[in-house]
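Chain by chain, the residues:
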Amino acid sequence: MKSFSTILALSVAVGIGAGVAGFAAPAAAQTAALQLTTGKVVTDPAGAFISVSVKNGTTAPISETYVACEFFAGNRALGKSSTTLFSIVPGVTGSDQVRLLGGTSANRATCAITGHK
């Protein structure tokens, strides 16, 4: 498995500015057959979260797909968190949220597929 910093160097940043809605973008360096899409960073009293989805463009089921995100407040890193998406069959998109507890000041995140099996 690659180090998290290597993954981040290859990932796409998703952020929101003051009063500007976020956007979804696919990860820059990902398996061509697995397509990562991320939503905007949202905060609530517990912390921050970002919606992630992975489309399985292969011809075989993917039993587990790992997605890791690092959350930021401006340029200051707040922390890292991840999720595992289970049983994504061919042609289907699996979805989840990656949540960082305590990250109430987060305004952007970088996410990447870190592995699958």
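Anything mentioned here points back to the structure above.
Keep in mind the model is a prediction, meaning the values are calculated, not measured.

## A short note on the pattern of salt bridges
Okay, step 1: Counted according to the given criterion, the structure contains two salt bridges.
Okay, step 2: For the salt bridge of Glu64 with Lys117, the shortest nitrogen-to-oxygen distance reads 3.9 Å. Taken as a pair, Glu64 in strand 4 (residues 62–73) and Lys117 in the segment after strand 7 (108–116) lie far apart in primary sequence, 53 residues in all.
Okay, step 3: Looking at Lys117, the relative accessible area reads 56%, which means it is exposed.

## Observations regarding unusual backbone geometry
Across residues other than glycine, the phi torsion is negative in most instances, and most of the peptide bonds are trans.
Okay, step 1: One non-glycine residue with positive phi stands out, namely Ser87, at about 50°.
Okay, step 2: Counting through the fold element by element, Ser87 comes out in strand 5 (residues 76–88).

## With respect to the nonpolar core
Okay, step 1: The biggest cluster of nonpolar side chains holds 19 residues, and the ones touching the most others in it are Ile50, Val52, Val54, Val67, Cys69 and Phe71.
Okay, step 2: Where this core is concerned, the elements lending two or more residues are strand 2 (34–44), strand 3 (47–56), strand 4, strand 5, strand 6 (93–101) and strand 7.
Okay, step 3: Contacts of Val67, omitting those with residues within four sequence positions, involve Leu36, Val52, Val54, Ser81, Ser82, Thr83, Leu85, Val98, Ala112, Ile113 and Thr114.

Parameters and conventions
Residues numbered from 1 in each chain as written. Predicted model: local features only at pLDDT ≥ 70, side-chain atom pairs only at ≥ 80, totals over all residues. Heavy atoms only, no water. Salt bridge = Lys/Arg side-chain N within 4 Å of Asp/Glu carboxyl O. Helix = DSSP H or I, 4+ residues; strand = E, 2+ residues; numbered from the N terminus. Buried < 20%, exposed > 50% of the residue type's maximum accessible area, 1.4 Å probe, protein only. Core = buried A, V, L, I, M, F, W, Y, C linked by side-chain atoms within 4.5 Å. Contact = heavy atoms within 4.5 Å.

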